Each structure stands twice: as C-alpha cells, then as structure tokens.
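# A closer look at the structure
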Amino acid sequence: MWLRRHYLRVLGWTAVRHPVLTALVIVPAVLALTVGAMKITNFKPDSEGDQGLRRESLYVDFDYTGPVDKYTSQDMVGVVSEYLEGRRDDLGIRDIYSFYAADAGGVTIFFEEGVVSDEFYHGVREDLRENLPVQAGLVHRFGSNEGEGTGAKTFSVTISGEETEFLHEFAEEAKRRLALIEGIGDLRGDGDNGKPEIQVKVDPEQAGRFGISPGSISQVLGLTYRGVMLPRLKTGEKEIDLVVSLLPEDRESIENLSVMTVGSYENRPVQLNQVADFHFGNSPERIFRRDQRSGVTVTGTWDGERLDDALEIVGQVMDGMDLPFGYSWNFGSEIQRARQQQSEMGTNMLLALACVFFVMASLFESLTYPVVVIGTVPFASLGVFWLMMATGTPFNIMAMIGMVILIGIVVNNGIVLVDHINGLRKAGRTLDQAIVEGCGDRLRPILMTAGTTILGLLPLAVFHGAHIGNAEYYPMARAISGGLASSTLLTLLVMPTYYRLMTLWSEGMRRGVRTWGDKGEIVPRPWTETP
C-alpha cells in the first residue's frame, strides 16, 4: 500500500532515527508557531462575544424623551413602519412587527432569509441607524433592555452604594463619559427604562391648615385609581366581580387629578392642587440589591471586533470616576456569568483529563503509557486553533464544549496504538520493530475511524442552522473536526516518538536503580573470618 509505505518511511525518520530532534525541536517549534499565529491574529476565547449566534430579527426600541400618549406613540411607530415597508426588498425584510403604548413603542423586523450572516446583520443595523426618519422627542435604540436583538456586542456595569439618588447621578455621569468613546452606543440606565409617572408631593403645612393628613390623601388616591372591590354580584348561575374605579381616559388626565377632592374644610371641598404639587418623573423599573447594597446598571453596545477591548476601555473610564467612600462599580452579571462559565470550562477540561488518565492507568497497569497517550490532547488543540483561525470561527462557549468532548475522543487512537505496540513487545518484538509494525497495522483503522467521524460532522460544521437557543452548533463541530484531524496525524507520527523515548527512559531508570542496588548491597561475612 502506497500510503503505508510512505508513512513507515516518515515514521522511521521521526521515531527511530531522530526521536530527540522530533520531540525537543520540531514539536515545540510547531507549538510556538501556533502560539505566535494566535498572538498575531488576536485569537483567544471569547465567551462574551456575539459571534456564532443566530441572526433572525432586529429590534428597534423607541425611547421617548418625554411623556407620550398612546395616540402619539402610534403615529411615531407608523412613520417608521411605513419607511421599512418601502425598503422591504432593499433590506431583505420578510415581516414587520410593531407595537405601541403610552410612553413605549418598538418595531421588530424579520429577515427574508431567516438566519443571516453577521456582516449582513451589522450592515442593516448601521443603515437603519443612519437613515431612519428623525422625529422630535424620539431616539431610536437597537435591542431590548435585556440586550437582545441589538446586532452588536453588549456590556453592562453596575454602580453600587447606599443612596439610590446618588447612584442615578453617578450612572448619568458614567453614560456621559462612555458616550464620548467611539464605538460605544445605545447607552441605557435603570432610570431610563422606568415608566413615566406623575409624582404628587404633599405640602405638610398647607395640608395641615385644611386639617388633612398625607395618609388620608394617599388613601383617597389609592381608592380612586386602584379602585374599590365590591361584594360579588350573584346572578344565580355565577358570581361576577365588581370594581368601582375611574375610567381609563380619566386616569390619564392630570387635570382630573389636580381637581380631585381629597377632603373638606368648613363644609367646602378641598382639591388636591390646593395641598400638593405635581412633578413628572420616571418610576424605577426594578430595585437591584446585592449584599444589602443598592445598585444601578448602565448597559451599552460595542461595535468593535472584540468585546474584551470594550471592557478594557470601559474599565479605564469607570476607574477614572471619583466615587465616594462606600460606592463601587463592577461589570454586570452577564459578563461575570460568562467569565465564570469560561473558568468552569477550564476546570471541566482538567477533570476530564484526570478521569481519562486514571482509566488508562488501570488499563495499562502503568503510569508511563497514560502520560504518553495524554500527550495527544495538545495535538488536538493545534488543529482546533488553526481551523478556527483559517475559517474565522469564534472560540465561544460551544467551541469550548467541543474541546471537552475532544478529550474523550482523541485519546482513543492513542490507546489503540499503545496497546497494540505493547502486545507486539510481549510477543517478542524489539522496541523499534514493535513501533514500526504496530503503527503500520493500526494506520488504516485509525484513519478510517477519524475520517468517518469528521465526515459525519461535516454538514454540521459547514452549514449554519442547527442551534440550541441562539447558539449555533458549527463552532463545536469545527472544533471537534479540526482537533480530531490534527490529533490523528500527530498521533501517528509524534506519539510513537514519545513512546520510544519514555520506554527507553523508564528502562534506563530501572537499570540504574538495579545497578545502584547491586553496588550498595552489603554481604554478611562468617563470624570466623578475620580481616
């Protein structure tokens, strides 16, 4: 067989004639070349990035700068919807979904192709950012408050402290500073996401003159706007809940609120505007507390290639803020969770290596040969990195899962090869004969098993579509395919070299121990012998 003949020729050069050169020069050079390429291309794990995610829709959020009723919101949403209808073919839009409400609105577009590429997605987002119709009192933001549908990498920082009022001031200052950085946009704070409200501030002195307490005013407002539950109406067949409250249109008018009767003084009604002032504001969407401290979160998007670059810049900006004692900041929970996942994935890889090592140690009844087989795992990482750098595949959490799976796959070829070589040695072959013959015998089975696995993963690695949630499977498939290809090639060429060196080293150590024991042995003399 032509392949077997040429393979044995190369194997004789690497493992038999030049094992030291192969193990200590060629293999480290390949590792150094891979590390250098990773440095040049800035390739590294990016579990927080947005690459490798499905792109099916783009959401445009309507951020009104002031109170807006539902009819005005409907008109503004209609303007954007009509604009998108006119560019349906140009932007590849399949469906347009819009909604409106008082002080809220948004439009979601779904693409004709279903799942689109990152380049197309980012191009549509930048096109809309520049060309959407400008309307007074309206700012277009891409993505929801949770960071979904943004079309860009998202980040968040949380400022923690005691006083919520101060926290909102610090959040506004952080947004102002971050907005000056090129590439950062769509900045939001917890205060921006709250619903507009009318705040009623009672004047205690004025209310006291009329003999009205703030508690009674609060009770009247609660009964009027929340309603009063009445006894259920029994109709014979069923019971009907009854509630007395203002009509919705009456509750939306500040004029009706200001003239509401909240008490009486000298047999004359006292209106709310006589004892209270009215202010417009936003109610907080949530109250965030951690370790008994309040926190305010600021979120934004990053248009650069790597989110790590944004986090470094954002960290410098936040460190430059002069926060008083007792106040601090940290990155949001999503980023912290992604970093924790990356750390846990590294721990899982170490645990997988340990489990595989102990299983092989019990199989071979030796600690030497499991070390040789475990040495094939770095060979797999070479293929993973080179294939991902060549194809521009993101090294996200799915690729890391593929690396963990690889640990259990790539050692199979090494186990088969080492076990067969050991069997040939027990049958009487010399070390070099067993290596050459054993590798030649297992060449075809190893290539066939690796080749069938890679071909089985080929559709998953090439075509985008299979996914879990928003995460595509193709980074995992490419990680497994590239790692299996490189580990198979290097297992056949390099692992026999390390097997030969480890065997010669261990046999030399045993001979040295036996020689030392023989020289140091003390032979007892008969008691009658004289010196």
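Structure shown above.
What you see is a predicted model, and the numbers here were worked out from it, not measured in a lab. (Residues numbered from 1 in each chain as written. Predicted model: local features only at pLDDT ≥ 70, side-chain atom pairs only at ≥ 80, totals over all residues. Heavy atoms only, no water.)

### Quick look at a nonpolar patch on the surface
Filter applied, for reference: Residues with no salt bridge and a relative accessible area higher than 30% make up the patches, which join like charges within 9 Å and nonpolar side chains (Val, Leu, Ile, Met, Phe, Trp, Tyr) within 5 Å. Each accessible area is a Shrake-Rupley estimate made with a 1.4 Å probe; only the visible protein chains count as cover when residues are assessed. By convention in these notes, a salt bridge is any Lys or Arg side-chain nitrogen within 4 Å of a carboxyl oxygen on Asp or Glu. Starting at the N terminus, helices and strands are each numbered in turn, a helix being any DSSP run of H or I of at least four residues and a strand any DSSP run of E of at least two.
There is a patch of nonpolar side chains on the surface, built from W13, V20, L21, L24, V25, I26 and V30 and spanning about 580 Å² of accessible area. It is helix 2 (residues 19-41) that provides the largest number of residues to the nonpolar patch, a total of six residues. Note on placement: V25 falls in helix 2.

### Some words on the packing of helix 2 against helix 14 (residues 376-391)
Operational definition: Throughout, an axis means a line fitted to C-alpha atoms (over the contacting stretch in the case of helices), and angles, computed between N-to-C directions, take values from 0 to 180 degrees. In a left-handed crossing the near helix is turned counterclockwise from the far helix by less than a right angle, and in a right-handed crossing that turn is clockwise. Here a residue-residue contact requires only that any non-hydrogen atoms of the pair lie within 4.5 Å. Think of it as three bins: nonpolar holds Ala, Val, Leu, Ile, Met, Phe, Trp, Tyr, Cys and Pro, charged holds Asp, Glu, Lys and Arg, and polar takes everything else, Gly as well.
Interhelical geometry of helix 2 versus helix 14 gives an angle of 35° and a closest axis separation of 11 Å. Considering how the two elements wind past one another, helix 2 and helix 14 form a crossing that is left-handed. Taken together, the residues of helix 14 that come into contact with helix 2 (itself represented by V27, V30, L31, L33, T34, A37, M38 and T41) are F379, L382, F385, W386 and M389. Here the residues of the contact of helix 2 with helix 14 are counted per class, giving eleven nonpolar, two polar and no charged.

### Digging into helix 6 (residues 164-179)
Every α-helical turn comprises 3.6 residues, leaving residues that sit three or four positions apart pointing alike. What counts is decided by this rule: For a helix, the expected span equals 1.5 Å multiplied by the number of residues minus one. Type-normalised accessible area, obtained with a 1.4 Å probe on protein chains alone, sets the label of each residue: buried when under 20%, exposed when over 50%, and partly exposed for intermediate values. Each C-beta atom gives one direction from the helix axis, and the arc is the one those directions make.
Taking 1.5 Å per residue, 16 residues should reach 22 Å; helix 6 reaches 22 Å between its end C-alpha atoms and fits that length. Among the residues of helix 6, those classed as buried are L167, F170, A171, A174, K175 and L178. Angularly, the buried residues of helix 6 cover 145° about the axis, an arc narrow enough to put them on a single face. Each element contacted by the buried residues of helix 6 is listed here: strand 5 (153-161), strand 6 (184-189), strand 14 (293-302) and helix 11 (307-319).

### Describing the packing of aromatic side chains
Quick reminder of the rule: For Phe, Tyr and Trp, where Trp contributes only its six-membered ring, two rings pair if their centres lie within 6.5 Å, and the inter-plane angle classes them as stacked under 30 degrees, edge-to-face over 60, or tilted in between.
Counted under the stated rule, the structure contains eight aromatic pairs. Aromatic pair F364 and Y369: ring centres 6.4 Å apart, planes at 70°, arrangement edge-to-face. As far as the burial class goes, F364 and Y369 line up, both buried. Relative to Y499, the ring of Y369 has its centre 5.1 Å away and its plane inclined at 20°; by these criteria the two rings are stacked. Of the two residues, Y369 is situated in helix 13 (residues 368-374) and Y499 in helix 18 (residues 495-519); the sequence distance between them amounts to 130 residues. Using a relative accessible area of 14% as the deciding quantity, one classes Y369 as buried. Connected via pairs of aromatic rings, a cluster forms that spans F364, Y369 and Y499.

Geometry only, nothing functional implied.
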